[in-house]
Amino acid sequence: MSYILVAKDIIKQYDNHLALDRINISVPKGSIYGLLGPNGAGKTTLMRIINQIIVPDSGNISFDNHSLEKCHISEIGYLPEERGLYKKMKAGDQVLYIAQLKGMSYLKAVEEAECWFKKLNIINCWNKRIEELSKGMAQKIQFICTVIHKPKLLIFDEPFSGFDPINASIIKEEILKLTENGATIILSTHRMESVEEICTHIALINNSKTILEGSISNIKESFSSNKYKITLSKGVLEKENKNFSILKKEGDSYIISLNEKNIQNIINSINKDAEILEFSRQTTSMEDIFIKTINNE
């Protein structure tokens, strides 16, 4: 697998507080990588180090197979949780200013900015000062400032904060399109439903350490339970059965726990007296995995 960013044994300490304790993450190219953890776990410190706002005490970071250097700043876009726009500046001028700081020509910046303003339905905000905009509109301007220069790596810290459900959905769709066009995303959020919907990989940080990392499919498989849902089109499940235990019944559906490893044997035994409409494994949600991992650490 090819990685856009690899952080190895990153340590950062402030006086008596160890903010990062040998953090390790590997972000695959083209992935949407969820950076998760409770408040104070060290996520923001790590994101600031990746953006070269602060430097680690030890450890190293590689970006696209090269040691992370100042020259890579233009290839990274960062949307911090604490938004930072010039309130007296007009929205269009703000975006053009940031775009040129990231190395874009003025004409290219105008072209891309107008495209994004139209795409996010805020073209009427171009000549309005940031302080005149609603929080949601200002959030869209900040989003455009982050993505306009088409960086290889985009880091979004709580990108859906301040958005109503409709606009959160719009931003979510744009994030997915960015990966389709070749970008890699690091997404820090407390919204586990967003992690379920769009992330392909995650790292879970707690107490300044990486305690869980990998693809969501592999992590969910490792946390999967022995529980299955069975829905019958006819017949009933007998309570006394050596192959499984019935945990819950809702109408024609049952939640069972398997005692027998051979699933086909179980299906065959049920079909002798009933007819199965659905037989599916009960997957563990990312929220449950998050809570279980943090509590069990």
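Residues numbered from 1 in each chain as written. Predicted model: local features only at pLDDT ≥ 70, side-chain atom pairs only at ≥ 80, totals over all residues. Heavy atoms only, no water.

Caption draft 1: The arrangement of a nonpolar patch on the surface in detail. Together, Tyr86, Tyr97 and Leu101 make up a nonpolar patch on the protein surface, roughly 340 Å² of accessible area in all. One can find Leu101 in helix α2 (residues 91–101). (Patch = residues over 30% accessible without salt bridge, like charges linked within 9 Å, V, L, I, M, F, W, Y side chains within 5 Å. Areas by Shrake-Rupley, 256 points an atom, 1.4 Å probe, with all protein chains shown as cover. Salt bridge = Lys/Arg side-chain N within 4 Å of Asp/Glu carboxyl O. Helix = DSSP H or I, 4+ residues; strand = E, 2+ residues; numbered from the N terminus.)

Caption draft 2: The packing of aromatic side chains, seen in detail. Tallying each qualifying case throughout the model produces 5 aromatic pairs. Taking the centre distance of 5.3 Å and the plane angle of 35 degrees together, the rings of Tyr228 and Phe279 count as tilted. In this pair, Tyr228 is assigned in strand β11 (residues 227–234) and Phe279 in strand β14 (residues 275–281), connecting sequence segments 51 residues apart. Taken together through their ring pairs, the aromatic side chains of Trp116, Phe143 and Phe156 make up a single cluster. Looking at Lys119, its charged tip hangs above the ring of Trp116, at a distance of 4.1 Å from the centre. (Phe/Tyr/Trp six-rings, centres within 6.5 Å; stacked < 30°, edge-to-face > 60°. Lys NZ or Arg CZ within 6 Å of the ring centre and 35° of its normal.)

Caption draft 3: Broad picture of the sheet that holds β11. The 4 strands are arranged β12-β13-β11-β14 in an open sheet whose pairing can be described as antiparallel. Because the sheet does not close on itself, it has two edges, and the strands there are β12 (244–250) and β14. Strand after strand, the sheet turns through a mean of 25 degrees between neighbouring axes, direction not considered. As paired strands, β11 and β14 are joined by 6 bridges and run antiparallel to one another. Its bridge partner being in β14, Tyr228 is matched across the sheet by Arg281. Against the sheet, helix α8 (residues 263–271) touches β11, β12, β13 (253–258) and β14, its axis set at about 155 degrees to β14. (Pairing = 2+ DSSP bridges. Axes fitted to C-alpha atoms, helices over the stretch in contact; angles between N-to-C directions. Contact = heavy atoms within 4.5 Å.)

Caption draft 4: Seen up close, the confidence of the model for the chain. Taken over all residues, the pLDDT of the chain has a mean of 91, while the share at 70 or more is 99%. When mean pLDDT is compared element by element in the chain, helix α3 (residues 106–119) scores highest at 97, while α8 scores lowest at 84. (pLDDT = per-residue confidence, 0-100.)

Caption draft 5: Spatial organisation of the pattern of salt bridges. All chains considered together, the criterion is met by 16 salt bridges. A salt bridge links Glu111 to Lys108; the shortest N-O distance between them is 3.9 Å. One end of the pair is Glu111 and the other is Lys108, both in helix α3 and 3 residues apart, which spans about a single turn. The partly exposed category is assigned to Lys108, whose relative accessible area is 35%. The closest approach of N and O atoms between Glu174 and Lys119, which form a salt bridge, is 4.0 Å. (Buried < 20%, exposed > 50% of the residue type's maximum accessible area, 1.4 Å probe, protein only.)

Caption draft 6: Expanded view of the sheet that holds strand β6 (residues 76–79). Read across the sheet, 6 strands follow the order β6-β7-β8-β3-β9-β10 without closing on themselves; strand pairing throughout is mixed. The open sheet has two free edges, formed respectively by β6 and β10 (209–215), since each of these has just one partner strand. Strand-to-strand twist of the sheet, defined as the mean angle between neighbouring strand axes without regard to direction, takes the value 15 degrees. Pairing of strand β3 (residues 32–36) with strand β8 (residues 184–188) involves 3 bridges; the strand directions are parallel. Bridged to Tyr33 within β8 is Ile186. Seen against the sheet, helix α9 (residues 286–296) touches β3, β9 (201–206) and β10 and runs at an angle of roughly 30 degrees to β9.

Caption draft 7: The arrangement of the environment of Ala19 in detail. Topologically, Ala19 is positioned in strand β2 (residues 17–28). On the basis of relative accessible area, Ala19 is assigned to the buried category, the value being 4%. Ignoring sequence-local partners within four residues, the contact set of Ala19 consists of Lys12, Gln13, Tyr14, Ala41, Gly42, Thr45 and Ser208.

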